[in-house]
Amino acid sequence: MSGTALWAAVIGGSLGCYLLKLAGLSVPAAWVEQPWVARVVDFVPAALLAALVAVQAFTDGQELVVDGRLAGLAVAALALAFRAPFIVVLVLAGAAGALVHVLAG
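Conventions adopted
- Residues numbered from 1 in each chain as written.
- Predicted model: local features only at pLDDT ≥ 70, side-chain atom pairs only at ≥ 80, totals over all residues.
- Heavy atoms only, no water.
- Salt bridge = Lys/Arg side-chain N within 4 Å of Asp/Glu carboxyl O.
- Helix = DSSP H or I, 4+ residues; strand = E, 2+ residues; numbered from the N terminus.
- Expected span 1.5 Å × (residues − 1).
- Bend = angle between axes of the 7 residues up to and from the residue.
- Patch = residues over 30% accessible without salt bridge, like charges linked within 9 Å, V, L, I, M, F, W, Y side chains within 5 Å.
- Areas by Shrake-Rupley, 256 points an atom, 1.4 Å probe, with all protein chains shown as cover.
- Axes fitted to C-alpha atoms, helices over the stretch in contact; angles between N-to-C directions.
- Parallel < 35°, antiparallel > 145°, perpendicular 65-115°, else oblique.
- Contact = heavy atoms within 4.5 Å.
- Nonpolar A, V, L, I, M, F, W, Y, C, P; charged D, E, K, R; others polar.
- Left-handed = near helix turned anticlockwise from the far one by under 90°.

Colleague: Run through the pattern of salt bridges, naming residues and quoting values.
Modeller: One pass over the full model with this rule turns up one salt bridge. Where Asp-67 meets Arg-69, a salt bridge forms, and the shortest distance between an N and an O atom there is 3.2 Å.

The following block contains the structure:
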């Protein structure tokens, strides 16, 4: 990508983000105060995080894969279900992923 095309993409992306933010601020307060809007907004962060986790755990480039990342995710979910401290969740998930990688490789 040439320097000019890169700067055009940066400026275009910045303008798009600004317009999106402006659109959000321009919504009338009566719309935002609706109870169903508040319920939907409460679930948006969890849905976005779940989508990011799914993409990172099950894809490699353009392909769906099952590898050590899935084992790490499963172990992390299990550790969270048992209310383990976050650092323990991270260590267990990393160890499970590494173990699957070593055993499969």
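Having put the structure on the table, let's press on.
Colleague: If you had to explain the environment of Leu-48 to someone new, which residues and values would you point to?
Modeller: Tracing the sequence through the fold places Leu-48 in helix H3 (residues 35–58). Sequence separation of Leu-48 and Glu-63 is 15 residues, and the distance between their C-alpha atoms is 21 Å.

Colleague: Help me get a handle on H3, residues and values and all.
Modeller: Every α-helical turn comprises 3.6 residues, leaving residues that sit three or four positions apart pointing alike. Along its 24 residues, H3 runs 35 Å from first to last C-alpha, staying within 8% of the 34 Å computed at 1.5 Å per residue. At Val-44, H3 shows its largest kink, close to 30 degrees, and the proline Pro-45 lies no more than four residues downstream.

Colleague: Could you give me a rundown of a nonpolar patch on the surface, with the residues and numbers involved?
Modeller: A contiguous nonpolar patch, built from Phe-86, Ile-87, Val-88, Leu-90, Val-91 and Leu-92 and spanning about 570 Å² of accessible area, is present on the exposed surface. With respect to the helices and strands, Ile-87 occurs in helix H5 (residues 86–104).

Colleague: Which residues make up the packing of H3 against helix H4 (residues 68–81), and what values do they have?
Modeller: Running from amino to carboxyl end, H3 crosses H4 at an angle of 140 degrees, the nearest separation of the two axes being 8 Å. Regarding the angle of H3 to H4, the classification is oblique. On H4, the residues touching Val-53, Gln-56, Ala-57 and Phe-58 of H3 are Arg-69, Leu-70 and Leu-73. For the contact of H3 with H4, the per-class residue count stands at five nonpolar, one polar and one charged.

Colleague: Go over the packing of H4 against H5, please, and point to the residues and values.
Modeller: Interhelical geometry of H4 versus H5 gives an angle of 150 degrees and a closest axis separation of 7 Å. Here H5 runs roughly antiparallel to H4, going by the angle between their axes. Here the hand of the crossing between H4 and H5 comes out right-handed. Here Gly-68, Ala-71, Gly-72, Val-75, Ala-76, Ala-79 and Leu-80 of H4 lie close against H5, whose contacting residues are Val-89, Leu-92, Ala-93, Ala-96, Gly-97 and Val-100. When the residues that make up the contact of H4 with H5 are grouped by side-chain class, the tally is ten nonpolar, three polar and no charged.

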